[in-house]
Amino acid sequence: MSIKVRYFASLKESVGRSEDSLEFAGLTTVSDVWCRANPNKPLPSNSLAAVNMDYVELDSAVKDGDEVAFFPPVTGG
Amino acid sequence: MSIKVRYFASLKESVGRSEDSLEFAGLTTVSDVWCRANPNKPLPSNSLAAVNMDYVELDSAVKDGDEVAFFPPVTGG
Amino acid sequence: MIVKICAEPFDPWQETQAHQYSASDMEGKFGATCVFIGTMRDFNEGDDIKGMTLEHYPGMTEKQLEKIVAEASRQWPVIDALVVHRVGDILPNEPIVLVAVWTSHRGDAFDANRYIMEALKSRAPFWKKELLKSQAERWLVKNTDGYL
Amino acid sequence: MIVKICAEPFDPWQETQAHQYSASDMEGKFGATCVFIGTMRDFNEGDDIKGMTLEHYPGMTEKQLEKIVAEASRQWPVIDALVVHRVGDILPNEPIVLVAVWTSHRGDAFDANRYIMEALKSRAPFWKKELLKSQAERWLVKNTDGYL
C-alpha cells in the first residue's frame, strides 16, 4: 500500500524533511509507519500522531492511501 | 439636620417624585428617613438604599448633609 | 482603567480598539484580552420589545463601577480595563454594556471580565424599562445570575 | 460559524464587527458576545522576543477548529462563532488568535468561548517558534492550562 507521511515543527527539523512517500505490502499501524520511515530514530515520547487529519493513538491501523502525520505538542493560540 | 432624599426607577414613579429635602433635628437612620419622607407608605421590601452613593443597610445612621437614596433592585448590563 | 456612561449609541469595537491603541505603554506587554458585550434583544419573556429606557444614578453608578473594577484588579493581575454602559433610550441590536480586560494570561482575562460583569449586574445602579410592541411599558424586576 | 487561518496581520475588532454586521439574521436575537484575543508579547520566560513564526498543518488545523466549534455549539446554545488564527511571521503586539461567540445569555458566551480557547490551545495543530533578541530561535514546548 501507499502511505504519505508528514512531519511538522521541531519534529520536521529533527528528521530533516517534511514528508515521505512509503510503498509497502501488508497491514500496519501508525507506529510501524514511523519505524519504516525512520528506522534508526525512535519517535520522541511526547509526539502526537494523526491519520487523515484526525488524532489517533500510535497503535491505530493504517490503510492504503492514508496520510499519517507526526508532530510535537501543539502550541497555538 | 438637612438630608437630601432621592428616588429612582419604579420607586420614583410610585412615590411620584424624584427627590425630597428634609430638615429635622436629632439622630436618625436610613429607614427613619424613609418614614419621615413617606409617612403613609411602607418601603417596598426588596428596596435598596445608599448613603452618599454607597450601599447601606436600612438601620445605618445618617448625618447632616447626607444624600440618601432608595431604589428597586438594579437591572443594568 | 476607564469607566464611561454613554447617552448615545456606541460602537464596542471602536471603543475597545481606540482604548487599546491609546494605551501605547501596553504594547507588547499583554497577551490576553477578553471583551464582553451585552446587546439589546428585540424580545424578552415572550414579548416583542420595541425599545428600552435605561435610567441610572449619576455619580453613584460611576462610583460603583470604579469600585468593581478595583476589586477585580486586586483579585487578578489586570493590566487595563474599560467599562462602557449606555443610558437613555435604546433600540434593539444596540450595545448596552461593554467590558474589556487586558491581562498577561488568558484565564485571568476571562475571570476578571466575568467578575466585573456579574458585579455590575448585581450592584451598579441601572434600571431598565421596556417598551413593548403593544405600547405597554414595564420595569425589569431583577437580573438573572450569569453562572448556572 | 466561521474558522479562518490568516497569513497576514488582522484587526480583531474589524473582523468581529464585519462578521456580526454580515450576519443580519442575528439582529436583535443575541444578547451576549464574548470575544477573546491572544496577542503576541515582546517577552517570554525571561527573554526579549523579536518575533515568532507560527507553523500549522493546513487542512487538519481547519478540521480540528471546526470540530471544536461544533463541540461548543452542542454544549451551549451558540448562535454564531468566529475563530481567526494567524500563521507565518508575527511581530510583538500583533493578534495571534481571535475567538468570538454570540449567545442569548452571558454565561453561555463566556463558557463557550473559554471552551473553544482551551480546546484550541490543546488540540489545534499550530506550533510557535520564537526568535529571541539574541537571534537565537526556540520552539515553544507546550501550552499552559488556562484554568488555575
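It should be emphasised that the depicted structure is a prediction, and the values quoted were computed from it without experimental measurement. (Residues numbered from 1 in each chain as written. Chains lettered and ligands numbered in written order. Predicted model: local features only at pLDDT ≥ 70, side-chain atom pairs only at ≥ 80, totals over all residues. Heavy atoms only, no water.)

Participant: Quick question: what am I supposed to make of the overall build of chain A here?
Facilitator: Across its full length, chain A holds two helices and seven strands. Listed by position from the N terminus, the elements making up chain A come as β-α-β-β-α-β-β-β-β. Taking 11 Å as the expected radius of gyration for a compact globule of 77 residues, we find that chain A reaches 12 Å, a close match to that expectation. With the C-alpha coordinates of chain A rotated into their principal frame, the extents come out at 40 × 25 × 20 Å. Sorting the 77 residues of chain A into buried and exposed places 48% on the buried side. Considering only contacts in chain A between residues 6 or more positions apart, those separated by 24 or more positions represent 51%. Accessible surface for chain A amounts to roughly 3700 Å². Of this, 51% is attributable to carbon and sulfur atoms. Charged side chains in chain A number 7 positive and 11 negative. The centres of these two groups are separated by 6 Å. (Helix = DSSP H or I, 4+ residues; strand = E, 2+ residues; numbered from the N terminus. Rg over C-alpha atoms; globule rule 2.2 N^0.38 Å. Buried < 20%, exposed > 50% of the residue type's maximum accessible area, 1.4 Å probe, protein only. Contact = heavy atoms within 4.5 Å. Areas by Shrake-Rupley, 256 points an atom, 1.4 Å probe, with all protein chains shown as cover. Lys, Arg positive; Asp, Glu negative; His and termini not counted. Charge placed at Lys NZ, Arg CZ, Asp CG, Glu CD.)

Participant: Would you mind going over the overall build of chain C with me for this structure?
Facilitator: Looking only at helices and strands, chain C features three helices and nine strands. In sequence order, chain C lays out its α and β elements as β-α-β-β-β-α-β-β-β-α-β-β. The C-alpha atoms of chain C give a radius of gyration of 16 Å, which matches the 15 Å a tight globule of 148 residues would have. For chain C, the C-alpha atoms occupy an extent of roughly 50 × 30 × 30 Å along the three principal directions. Here chain C, with 148 residues, has 60% of them falling under the buried criterion. For chain C, the proportion of contacts with a sequence separation of at least 24, taken over those separated by at least 6, is 75%. Here chain C has roughly 6100 Å² of accessible surface; of this, 52% comes from carbon and sulfur atoms. Placing the 17 positive and 22 negative side-chain charges of chain C at their respective mean positions leaves the two points 4 Å apart.

Participant: I'm lost on the interface of chain A and chain D in this one. Help?
Facilitator: Think of interface size as the accessible area that goes away when the parts come together; that is how it is often given. On the side of chain D, 27 residues touch chain A, which itself brings 20 residues to the contact. The tally of links from chain A across to chain D stands at four salt bridges. On inspection of chain A and its partner chain D, the count reaches 17 residue pairs in polar contact (both at pLDDT 80 or more). Elements that contribute at least two residues to the side of chain A that touches chain D include exactly helix H1 (9-15), strand E5 (54-56) and strand E7 (67-71) of chain A. Among the residues making up the side of chain A that touches chain D, the classes are represented as 10 nonpolar, five polar and five charged. (Salt bridge = Lys/Arg side-chain N within 4 Å of Asp/Glu carboxyl O. Polar contact = N/O pair within 3.5 Å; in protein donor to acceptor, adjacent residues only side chain to side chain. Nonpolar A, V, L, I, M, F, W, Y, C, P; charged D, E, K, R; others polar.)

Participant: Mind showing me how you'd approach the relation of the copies chain C and chain D here?
Facilitator: What connects the two chain copies is a rotation about an axis and a shift along it. Of the two same-sequence chains, chain C is brought onto chain D (RMSD 0.0 Å, axial shift 0.0 Å) by a rotation of 180 degrees. Here the transformation between the copies is reduced to the relation of a two-fold axis. (Least-squares fit on C-alpha atoms with pLDDT ≥ 70 in both.)

Participant: I would appreciate a short explanation of the side chain of Lys128(D) in the present structure.
Facilitator: Looking at the secondary structure, you find Lys128(D) in strand E8 (residues 126-132). Filtering out sequence-adjacent residues up to four positions away, Lys128(D) remains in contact with Thr75(A), Gly76(A), Gly77(A), Met52(D), Thr53(D), Leu54(D), Ile96(D), Lys121(D), Arg138(D), Trp139(D) and Leu140(D).

Participant: Can you walk me through the packing of helix H3 (residues 106-123) of chain C against helix H3 (residues 106-123) of chain D in this structure?
Facilitator: A pair of packed helices is characterised by two quantities: the angle between their axes and the separation of those axes. Closest axis-to-axis distance for the H3(C)/H3(D) pair is 12 Å, and the angle between their directions is 180 degrees. As the angle between them shows, H3(C) and H3(D) are arranged roughly antiparallel. Residues Arg106(C), Gly107(C), Phe110(C), Asp111(C), Asn113(C), Arg114(C), Met117(C), Glu118(C) and Lys121(C) of H3(C) pack against Arg106(D), Gly107(D), Phe110(D), Asp111(D), Asn113(D), Arg114(D), Met117(D), Glu118(D) and Lys121(D) of H3(D). Its residues placed into classes, the contact of H3(C) with H3(D) shows four nonpolar, four polar and 10 charged. (Axes fitted to C-alpha atoms, helices over the stretch in contact; angles between N-to-C directions. Parallel < 35°, antiparallel > 145°, perpendicular 65-115°, else oblique.)

Participant: Looking at this structure, I do not really get the confidence of the model for chain C. What am I missing?
Facilitator: Parts of the model with low pLDDT should not have their predicted coordinates read in detail. Model confidence for chain C is summarised by a mean pLDDT of 96, while 100% of its residues fall at 70 or above. As scored by the predictor, the complex reaches a pTM of 0.96 and an ipTM of 0.95. (pLDDT = per-residue confidence, 0-100.)

Participant: How should I be thinking about the pattern of salt bridges in this particular structure?
Facilitator: Between side chains of opposite charge, a pair can form as their charged atoms come close. The tally for this structure, following the rule as stated, stands at 34 salt bridges over all chains. Across the pair Arg17(B) and Asp20(B) runs a salt bridge, and its minimum N-O distance is 2.6 Å. Here Arg17(B) falls in the partly exposed class, since its relative accessible area comes to 26%. With relative accessibility at 14%, the residue Asp20(B) sits in the buried group. For Glu15(D), the salt bridge is made with Lys4(D), and the minimal N-O distance between the two is 2.8 Å. With Glu15(D) in helix H1 (residues 12-22) and Lys4(D) in strand E1 (residues 2-6), this residue pair connects regions lying 11 residues apart in the sequence.

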